[in-house]
Amino acid sequence: MRTSHQPIQIRTVSQSPHTPQEICEAFLRTELWPSFQGYGPLPGIRSAAFEVQTPGWTGSVIRVRNTDGSSHAEEITRWDPEQGISIRFRDFASPVRHLATHFTEEWHFRRTAEGTEVTRIMEMHPRNWLGAWLLRPISRLMKQAFEHHNRKLAAG
């Protein structure tokens, strides 16, 4: 019997001196993706490259290779450089493929006097009870990795 497990959500809010358009332009520069360094045992990104590029970016797929040798794909599911973007993480390598069906990440932009407030929300969708149990500590590491990455993005 298959049961549904609630997604595990993390959320960060940060301030960037950049405009939403500049943030989106930087997102498309996959050579910058290794600035995501992970946190603790959570791997960072070694490289990223477009597998599929679509007009308007929605539906584009980026293949990500991580510092631990694993890989996954990230598909852009929403592209609105004024309001925000959404990405679906899929095609995980083991062991994550056994823990989660997919992850989603949303970036929401709100202009401020200082630049842009960026809210990042990730949802990890467990495959089963084991995934629900193991993804909780992973989500805490991911939140730390996001906070570290947000500081780098704001500085760069």
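Residues numbered from 1 in each chain as written. Predicted model: local features only at pLDDT ≥ 70, side-chain atom pairs only at ≥ 80, totals over all residues. Heavy atoms only, no water.

A. Just the overall build of the chain, in detail. Along the chain, the regular secondary structure elements total three helices and seven strands. Listing every helix and strand of the chain by position from the N terminus yields β-α-β-β-β-β-α-β-β-α. Computed over its C-alpha atoms, the radius of gyration of the chain comes to 15 Å, within 12% of the 15 Å expected for a compact globule of 156 residues. Principal-axis analysis of the C-alpha atoms places the extent of the chain at approximately 50 × 30 × 30 Å. Every one of the 156 residues in the chain was classed for burial, and the buried ones make up 40%. Pairs at least 24 residues apart make up 49% of the contacts formed inside the chain by residues separated by at least 6 positions. When the accessible surface of the chain is summed, it comes to about 8,500 Å², and 53% of that surface belongs to carbon and sulfur atoms. Charge centroids of the chain, computed over 19 positive and 16 negative side chains, lie 8 Å from each other. (Helix = DSSP H or I, 4+ residues; strand = E, 2+ residues; numbered from the N terminus. Rg over C-alpha atoms; globule rule 2.2 N^0.38 Å. Buried < 20%, exposed > 50% of the residue type's maximum accessible area, 1.4 Å probe, protein only. Contact = heavy atoms within 4.5 Å. Areas by Shrake-Rupley, 256 points an atom, 1.4 Å probe, with all protein chains shown as cover. Lys, Arg positive; Asp, Glu negative; His and termini not counted. Charge placed at Lys NZ, Arg CZ, Asp CG, Glu CD.)

B. Expanded view of helix H3 (residues 129-155). With 27 residues, H3 ought to run about 39 Å at 1.5 Å a step, and its terminal C-alpha atoms sit 39 Å apart, in line with that. By the largest-angle criterion, Leu135 marks the main kink of H3, which is about 35 degrees, and a proline, Pro137, follows within four residues. Among all positions in H3, only Gly131, Ala132, Leu135, Ser139, Met142, Ala145, Phe146, His149 and Asn150 are buried. Its buried side turned inward, H3 meets strand E1 (8-16), helix H2 (96-99), strand E6 (100-112) and strand E7 (115-126). Its side-chain oxygen placed 3.2 Å from the backbone nitrogen of Leu130, Asn128 serves as the N-cap of H3. (Expected span 1.5 Å × (residues − 1). Bend = angle between axes of the 7 residues up to and from the residue. Polar contact = N/O pair within 3.5 Å; in protein donor to acceptor, adjacent residues only side chain to side chain.)

C. Structural view of the pattern of salt bridges. Within the structure shown, the criterion is met by nine salt bridges. As a salt-bridge pair, Arg111 and Glu82 come within 3.6 Å of each other at their nearest N and O atoms. Placement of Arg111 in strand E6 and of Glu82 in the loop between strand E4 (71-80) and strand E5 (84-90) is noted, with a sequence separation of 29 residues between them. The partly exposed category is assigned to Arg111, whose relative accessible area is 47%. Note that Arg120 is salt-bridged to Glu105, the shortest N-O span being 2.9 Å. (Salt bridge = Lys/Arg side-chain N within 4 Å of Asp/Glu carboxyl O.)

D. Here's a closer look at the nonpolar core. One finds Phe27, Phe103, Trp107, Met122 and Met142 to be the most contacted residues of the largest nonpolar core, which totals 31 residues. Setting aside residues up to four positions removed in sequence, Met122 forms contacts with Ile8, Gln9, Ile10, Phe89, Phe103, Thr104, Glu105, Met142 and Phe146. (Core = buried A, V, L, I, M, F, W, Y, C linked by side-chain atoms within 4.5 Å.)

E. Seen up close, the side chain of Thr119. Tracing the backbone through its elements, the reader meets Thr119 in strand E7. With relative accessibility at 8%, the residue Thr119 sits in the buried group. Each residue touching Thr119, except ones within four places of it in the same chain, is listed here: Arg11, Thr12, Val13, Glu106, Trp107 and His108.

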